[in-house]
Amino acid sequence: MQFGIFDQNDRGSLPLAEQYEHRLRLAALYDELGFDRYHMSEHHATPLSTAPSPSVFIAALTQRTSRLRLCPLVYLLPTYHPLRLAEEMCMLDHLSRGRFEFGIGRGASPHELAAFGVQPENAREMYAEALEVIRGFFAAGDSFSHHGRFWQIDDVPVEIAPLQQPHPAMWYALASPDSTVWPARNGVNVLCGGPVARVRAVSDRYRAEWRLSHPQGGDEPLIGVNRYILVADTDQEALELGRAAWPVFYRHFMKLWHKHGTLPVNAKLPPDFDTLVEAGQAVAGSPSTVRDALLRQVRDGGLNYLIGNFTFGGLAPADTEASVRLYAAEVMPALREVSPVLA
């Protein structure tokens, strides 16, 4: 079992420069406490994220951490020129001395894509072509060319390549079992969310597809889930902190959707913290309560990777740090050697 961090970096109460510094200090703490990976989202024109450039923030993280692997999850490929993004990824791989990984996606919000002039109906095809460019650049020799619908690249010299060969590990976020086929066949790590029953359907399908396409075996990719996690000395204290913090995050999550009179298609969240806990999408309580709940989720979900979102909405920095320290000291050791119950 490996352990990750997920941070939306949604708008807090601190001035923005102080919020960035707090998040960078937290990343150093994650590094110190033995977490394996730091993930961050990419969002635009919304208080759901105050770090709309994953590459910029990851570059800062390379200077504050020494062992933590760093992984944007995900880059919104239709909003980039893929050649430039590929070069940035190479830079980050070297800046981190080989600790960089990356997630790819087309974007869940049509409103964020529209801010960049991307027509939502083109997003899937743009995503696929951008990924083709990025993978082609990583595999190129001295020069690179690509001629597609959206991007034309003609005999461009290749002066930078990833430190990790053939390229850094890739990640894909998915919402349904049918979405597992491509990442499983290509050995791409995956992250999912939602109720445990749906998570189990995703992990079973992923493993079935991976075994079919990898009959020789090998190291199984990571199959992870993201959970909002809050640990305190008592169950009541943790729940009270979550109930106070969650409405702030929910407003951030929904603001752009409400502005346009629409609703998310897949990434749906309840407006109250107790419903989130009841669905298993958040886990809050004393160390023993959180440990037992996550043990069940890991086993029932068939997971080998667990990502925690420890800071969200109105949580005070001191409460976040206390939660992370309790989790690392009293929850992670019990989960580290756990194996998922496979179908």
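For the structure itself, look to the data block above.
The rules we used
Residues numbered from 1 in each chain as written. Predicted model: local features only at pLDDT ≥ 70, side-chain atom pairs only at ≥ 80, totals over all residues. Heavy atoms only, no water. Helix = DSSP H or I, 4+ residues; strand = E, 2+ residues; numbered from the N terminus. Rg over C-alpha atoms; globule rule 2.2 N^0.38 Å. Buried < 20%, exposed > 50% of the residue type's maximum accessible area, 1.4 Å probe, protein only. Contact = heavy atoms within 4.5 Å. Areas by Shrake-Rupley, 256 points an atom, 1.4 Å probe, with all protein chains shown as cover. Core = buried A, V, L, I, M, F, W, Y, C linked by side-chain atoms within 4.5 Å. Polar contact = N/O pair within 3.5 Å; in protein donor to acceptor, adjacent residues only side chain to side chain. Pairing = 2+ DSSP bridges. Right-handed = clockwise from strand over helix to strand, strands pointing away.

Trainee: I would appreciate a short explanation of the overall build of the protein in the present structure.
Mentor: Regarding its fold elements, the protein presents 12 helices and 12 strands. Taken over the C-alpha trace, the protein has a radius of gyration of 20 Å; the compact-globule value for 343 residues is 20 Å, and the two agree within 12%. Overall, the C-alpha framework of the protein stretches about 60 × 50 × 40 Å when taken along its three principal axes. In the protein, buried positions account for 54% of the 343 residues. For the protein, contacts bridging at least 24 residues in sequence account for 73% of all contacts bridging at least 6. Surface accessibility of the protein: about 14700 Å² in total, with carbon and sulfur atoms responsible for 52%.

Trainee: How do you make sense of the nonpolar core when you look at a structure like this?
Mentor: One recurring pattern in soluble globular proteins: nonpolar side chains tend to sit buried together. Counting residues in each nonpolar core, the largest one holds 76 residues, and the members touching the most others are Tyr30, Phe35, Tyr38 and Tyr327. In this structure, Tyr327 is in contact with Phe3, Phe35, Ile229, Val231, Val290, Leu294, Leu306, Phe310, Met332 and Pro333, ignoring residues within four places of it in sequence. Core analysis: the second largest hydrophobic core is formed by 20 residues, Tyr228, Ala232, Ala245 and Leu269 among them.

Trainee: How should the side chain of Thr65 be read in this particular structure?
Mentor: Position of Thr65 among the secondary structure elements: in the loop between helix H2 (54-62) and strand E3 (69-72). Within polar-contact distance, the side chain of Thr65 engages the backbone oxygen of Leu61 at 2.7 Å. Here the side chain of Thr65 touches Arg99 through a polar contact of 2.9 Å, side chain to side chain.

Trainee: How should the pairing of strand E11 (residues 282-285) be read in this particular structure?
Mentor: Look at any regular strand and the pattern is simple: side chains alternate between the two faces of the sheet. Residues Ala282 and Ala284 of E11 are buried on one face, and the alternating residues Val283 and Gly285, pointing to the opposite face, are buried as well. Taken together, the 4 bridges between strand E10 (residues 223-231) and E11 define a ladder with parallel strand orientation. Across the sheet, Leu230 pairs through a bridge with Ala284, a residue of E11.

Trainee: Whenever I open this one, the environment of Val265 confuses me. Can you help?
Mentor: Its place among the elements puts Val265 in the loop between helix H8 (235-260) and helix H9 (273-278). With a relative accessible area of 65%, Val265 lands in the exposed category. Counting along the chain gives 156 residues from Val265 to Ser109, while the straight-line C-alpha distance between them is 8.9 Å.

Trainee: I would appreciate a short explanation of the pairing of strand E1 (residues 2-7) in the present structure.
Mentor: In terms of burial, E1 is largely enclosed, as 5 of its 6 residues are buried. In this structure, E1 lies alongside strand E12 (residues 305-309), joined through 4 bridges in parallel fashion. Directly across from Gly4, in E12, lies its bridge partner Ile307. Pairing of E1 with strand E2 (residues 37-40) involves 4 bridges; the strand directions are parallel. If you follow Ile5 over to E2, its bridge partner there is Tyr38. You can see the chain leave E1, run along helix H1 (residues 16-33) and come back into E2, and the turn it takes is right-handed.

Trainee: Is there a simple way to explain unusual backbone geometry in this structure?
Mentor: A negative phi angle is the norm for most residues apart from glycine, just as the trans form is the norm for most peptide bonds. A cis amide bond, omega 10 degrees, links Leu73 with the succeeding residue Val74. Note that Val74 resides in the loop between E3 and strand E4 (75-76). For Asn9, which is not glycine, the phi torsion reads 55 degrees and is therefore positive. Position of Asn9 relative to the elements: it lies in the loop between E1 and H1. Here Asp155, not a glycine, exhibits a phi torsion of approximately 50 degrees, which is positive.

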